[in-house]
Amino acid sequence: MSKKEIVTRILSFLLGVVITVSVLLAVIGSYLSTTILSRDYYLGIIATPSYLEMVKEAIREEFSAQSAYVGVPEDVFAQGLDDGKLHEMLRSHITYVVNYLDGLAAYQEPEYPVELIQKPLYAYLEQFCAAEGTVPTAEEYAQLDQVAKDSAALIKKQVCLMDLKLVMDMSAFKQSMSLISKLKSAVGPSLLMAFLCSVL
């Protein structure tokens, strides 16, 4: 076997290794990008009725503790929950996170409309004062405004159940995302190299 044939075989072997590894990694990268790193993957999860009910149950538990603290019945807080708005927040949260990880936009947190909670709180205060023969004061309304803001923050905490900001701030996670993106584009150059080497 001539020296040229030996070199050719070594190059062919190395090229085969490169192609095999590149294809394997690209397949893994493509799989991850369509599952755990995919917006549609998570949207499919939150679309199930059981997921929304799970979030609402966690929110109601938060409201129970808040009710005991501020002296407003739990059902008053519950009246401020809107299924449509909660589902919209869940979808927005997933979209914001995936867009951030893909480098498309800055990360944002969805906000629950404070006015949806203010309305039943105001109604409760006004009914309570009417029964007592008094008139609600500006200070009482201001206190309820703060309660409504705190309640909206509790809702946001449960919608954004996993603290993704901690994950997204990890350089290793960002590097992994970048690597996966590069792996997905590795097949084309590898195949091109194989073609050129076979021609030369």
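A brief look at the structure comes next. (Residues numbered from 1 in each chain as written. Predicted model: local features only at pLDDT ≥ 70, side-chain atom pairs only at ≥ 80, totals over all residues. Heavy atoms only, no water.)

### Notes on the packing of helix 5 (residues 83–101) against helix 7 (residues 138–159)
The geometry of helix 5 relative to helix 7 is characterised by a closest axis approach of 10 Å and an angle of 55 degrees between their N-to-C directions. By the angle between their axes, helix 5 is oblique relative to helix 7. Helix 5 and helix 7 meet at a crossing whose hand is right-handed. The segment helix 5 lies against helix 7, with L86, M89, L90 and H93 engaging I155, K156 and V159. Per-class residue counts for the contact of helix 5 with helix 7 are 5 nonpolar, 1 polar and 1 charged. (Axes fitted to C-alpha atoms, helices over the stretch in contact; angles between N-to-C directions. Helix = DSSP H or I, 4+ residues; strand = E, 2+ residues; numbered from the N terminus. Parallel < 35°, antiparallel > 145°, perpendicular 65-115°, else oblique. Left-handed = near helix turned anticlockwise from the far one by under 90°. Contact = heavy atoms within 4.5 Å. Nonpolar A, V, L, I, M, F, W, Y, C, P; charged D, E, K, R; others polar.)

### Some details on the side chain of E62
Note that E62 resides in helix 3 (residues 49–70). Sequence-distant contacts of E62, that is, excluding residues within four places in its chain, are made with L154, K157 and Q158.

### Observations concerning the environment of E111
By the secondary structure assignment, E111 is in the loop between helix 5 and helix 6 (114–132). Under the relative-accessibility criterion, E111 is labelled exposed at 54%. Among the polar contacts made by the side chain of E111, one reaches the side chain of K156 at a distance of 3.1 Å. (Buried < 20%, exposed > 50% of the residue type's maximum accessible area, 1.4 Å probe, protein only. Polar contact = N/O pair within 3.5 Å; in protein donor to acceptor, adjacent residues only side chain to side chain.)

### A short note on the nonpolar core
Nonpolar side chains in soluble globular proteins tend to be buried together. L86, L121, I155 and V159 are the most contacted members of the largest nonpolar core, which has 28 residues in total. Of all the secondary-structure elements, those providing two or more residues to this core are helix 2 (39–46), helix 3, helix 4 (74–78), helix 5, helix 6 and helix 7. Ranked by the residues each element gives to this core, the list is headed by helix 7, at 6 residues. When neighbours within four sequence positions are excluded, L121 is seen to be in contact with V72, V76, F77, L144, V147 and A148. (Core = buried A, V, L, I, M, F, W, Y, C linked by side-chain atoms within 4.5 Å.)

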